[in-house]
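Residue-level listing of the chains:
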Amino acid sequence: VRIGGSSGGAAVGLVLSARLIPGFFFGSLGGVIVDRLDRKKVMVGCDIGRGAVLALLPFVTQVWELFVISLVLEVLTLMWSPAKEASVPNLVPTAFLSNANSLSLVAAYGTFPLSSAVYYVLTSVAQHLHRYHALDALRASHPDTIAIWFDVGTFFVSALMISTLALPARVHDGDGERRGIDFTETWRDLRAGWQFIGQSPVVRSVILGLATGLIGGGMVVPLGPIFSRDVLKSASGFGLLLAGLGTGVAIGIIAVSVVQKRVSHEKAFVRCVAVAGGCLLGAASMSNLALTVVFVGGLGICAGAVYVLGFTVLQTNVADEMRGRIFATLYTLVRFCLLLAFIVAPLLSQLLDGLSLDLVGRRVALGGFHVGLPGVRLTLWLGGLIILGAGFLAHRSLRSAGAGIVGPVAPAVADDVGGPPLDPLQRSPVAPSPPER
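Computed from a predicted model, the values in this text were never measured in an experiment.

Structural notes on the overall build of the protein chain
Move 1: For the protein chain, the helix and strand inventory stands at 14 helices and two strands.
Move 2: Out of the 437 residues in the protein chain, the part that is buried amounts to 43%.
Move 3: Taking contacts inside the protein chain between residues at least 6 apart in sequence as the whole, the part at least 24 apart equals 79%.
Move 4: For the protein chain, the computed accessible surface area is about 22200 Å², with 69% contributed by carbon and sulfur atoms.

Remarks on the pattern of salt bridges
Move 1: Summed over all chains, the structure comprises nine salt bridges.
Move 2: A salt bridge links Asp35 to Arg39, with the shortest nitrogen-to-oxygen separation between them at 2.8 Å.
Move 3: One salt bridge in this structure joins Asp230 and Arg229, with 2.8 Å as the shortest N-O distance.
Move 4: Residue classification places Arg229 among the partly exposed positions, given a relative accessible area of 49%.
Move 5: Look at the salt bridges and you will find they share partners, linking Asp35, Arg39, Asp320, Arg323 and Arg325 into a network.

Topic: the pairing of strand β2 (residues 369–372)
Move 1: In the sheet, strand β1 (residues 363–366) pairs with β2 via four bridges, with the strands oriented antiparallel. Residue pairing in the sheet places Val364 in a bridge with Val371 of β2.
Move 2: Where β1 folds back on β2, the antiparallel hairpin that results is connected by two residues, among which Gly367 adopts a positive phi of roughly 70°.

Topic: the nonpolar core
Move 1: If you look at the biggest cluster of nonpolar residues, it comprises 51 residues, and the most contacted ones within it are Val203, Phe269, Ile326 and Leu330.
Move 2: Of all elements in the fold, only α7 (186–199), α8 (201–218), α9 (220–230), α10 (237–259), α11 (265–285), α12 (289–317), α13 (320–360) and α14 (375–400) reach the threshold of two or more residues within this core.
Move 3: Not counting the four nearest positions on each side in its chain, Ile326 is found in contact with Gly193, Phe196, Ile197, Val203, Ile207, Leu314 and Val318.
Move 4: Core analysis: the next-biggest nonpolar cluster, separate from the first, contains 15 residues, Val34, Met43, Ala159 and Leu167 among them.

Section: the packing of α11 against α14
Move 1: Packing of α11 against α14 leaves a shortest axis separation of 8 Å and a crossing angle of 165°. By the angle class used here, α11 and α14 are roughly antiparallel. Read as a crossing pair, α11 and α14 show a hand that is left-handed.

Topic: the confidence of the model for the protein chain
Move 1: Of the residues in the protein chain, 78% reach a pLDDT of 70 or more, and the chain-wide mean stands at 79.
Move 2: In the model of the protein chain, helix α1 (residues 8–36) stands out as the element of lowest mean pLDDT, 68, in contrast to helix α2 (residues 39–54), which has the highest, 94.

How each quantity is defined
- Residues numbered from 1 in each chain as written.
- Predicted model: local features only at pLDDT ≥ 70, side-chain atom pairs only at ≥ 80, totals over all residues.
- Heavy atoms only, no water.
- Helix = DSSP H or I, 4+ residues; strand = E, 2+ residues; numbered from the N terminus.
- Buried < 20%, exposed > 50% of the residue type's maximum accessible area, 1.4 Å probe, protein only.
- Contact = heavy atoms within 4.5 Å.
- Areas by Shrake-Rupley, 256 points an atom, 1.4 Å probe, with all protein chains shown as cover.
- Salt bridge = Lys/Arg side-chain N within 4 Å of Asp/Glu carboxyl O.
- Pairing = 2+ DSSP bridges.
- Core = buried A, V, L, I, M, F, W, Y, C linked by side-chain atoms within 4.5 Å.
- Axes fitted to C-alpha atoms, helices over the stretch in contact; angles between N-to-C directions.
- Parallel < 35°, antiparallel > 145°, perpendicular 65-115°, else oblique.
- Left-handed = near helix turned anticlockwise from the far one by under 90°.
- pLDDT = per-residue confidence, 0-100.

Right, dumping it as structure tokens:
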């Protein structure tokens with residue numbers, strides 16, 4: 001906003017588009033790169049690159065410069081994230097993948113309060129640096145600059161820590177040569193990843209549940225403040241709703257860590273998606289703030305569990321050489337679904353509000369009760385139904401597999417240790433073909 005001046009809103013929109021555009025055009029390609037290169041080097045290089053690019057931020061004076069920086073940061077992140085998710089099973093035993101994913105979620109979002117405190121301290125320090133003219137070249141006197149430099153340091157520390165990890169060497173081609181980026185095979189690798197998603201019921205169910213469910217869940221973000229103000233009649237109620245959601249997510253993460261060894265991850269994932277849809281329907285049906293917070297807390301519990309279980313199922317059901325492409329595809333779909341929800345939800349709310357006003361006066365009588373039907377409530381009900389639909393599709397996809405996955409999949413066995421050959425698209429040995437009759 002500071003750089004955009006009088007067109008601050010447009011500048012923010014342009015910069016946000018730079019964080020969204022690469023995902024649609026580069027996401028899957030980034031997954032191919034992750035699968036063909038040494039993932040540790042990819043993560044280290046991306047962290048160094050992100051730190052270096054972020055270090056340019058204090059010197060930016062034009063909106064287009066900020067756009068380019070945001071674009072580069074997003075491209076590097078689109079490579080770092082799938083590489084990280086694909087590497088977790090190489091570092092953590094299968095039985096503890098859920099715990100690792102829980103800690104990852106805590107590290108990603110649970111550090112927000114600490115980050116806010118650090119930011120406050122660093123901006124306070126910056127206010128006292130304007131007297132040191134030797135620091136003018138570093139723009140240290142600006143309130144945000146010290147915090148940015150601190151953030152740059154975290155990327156370099158992350159690169160240093162990742163460089164010490166004992167990750168296995170990447171896959172080699174049949175002739176023994178290390179795989180690199182072969183652009184003539186890029187399309188083949190992309191197609192193989194998409195075919196695997198279509199052919200694997202387990203992977204397909206998780207991606208459907210996570211991505212499609214986010215269309216419904218993402219509607220809460222733009223519509224939550226409107227629902228709190230117009231339906232709950234509480235201008236500050238949205239803060240309590242966010243607190244309930246965050247508390248629920250934390251409970252869901254802890255609950256999965258406690259029970260994950262005693263439940264089928266796949267079945268628990270589908271059920272949590274369905275219950276999340278029910279919780280959103282219940283929350284949108286309430287007119288009391290306290291009851292709405294309870295239902296939103298239930299939505300958070302299910303959301304935390306769905307994230308941990310979904311990532312765990314993908315990590316245990318996808319072979320290492322395919323894992324980067326699968327997670328890159330998931331991230332791309334997630335971004336698309338969230339963007340769709342953010343854009344469509346407010347427009348749909350206005351449309352349904354007008355229809356409700358014209359048809360029933362925004363209110364219907366059910367027995368002795370009157371139920372308000374503002375557009376925001378109708379849209380959130382639709383969001384809940386979309387989540388329920390995502391759960392149904394995921395359940396149907398699992399049932400099409402024929403069968404009963406009752407727990408975590410055993411870790412893959414390398415095909416060079418004398419065992420049966422491995423199917424490149426599955427994490428289990430290829431069964432011998434039955435004799436022809």
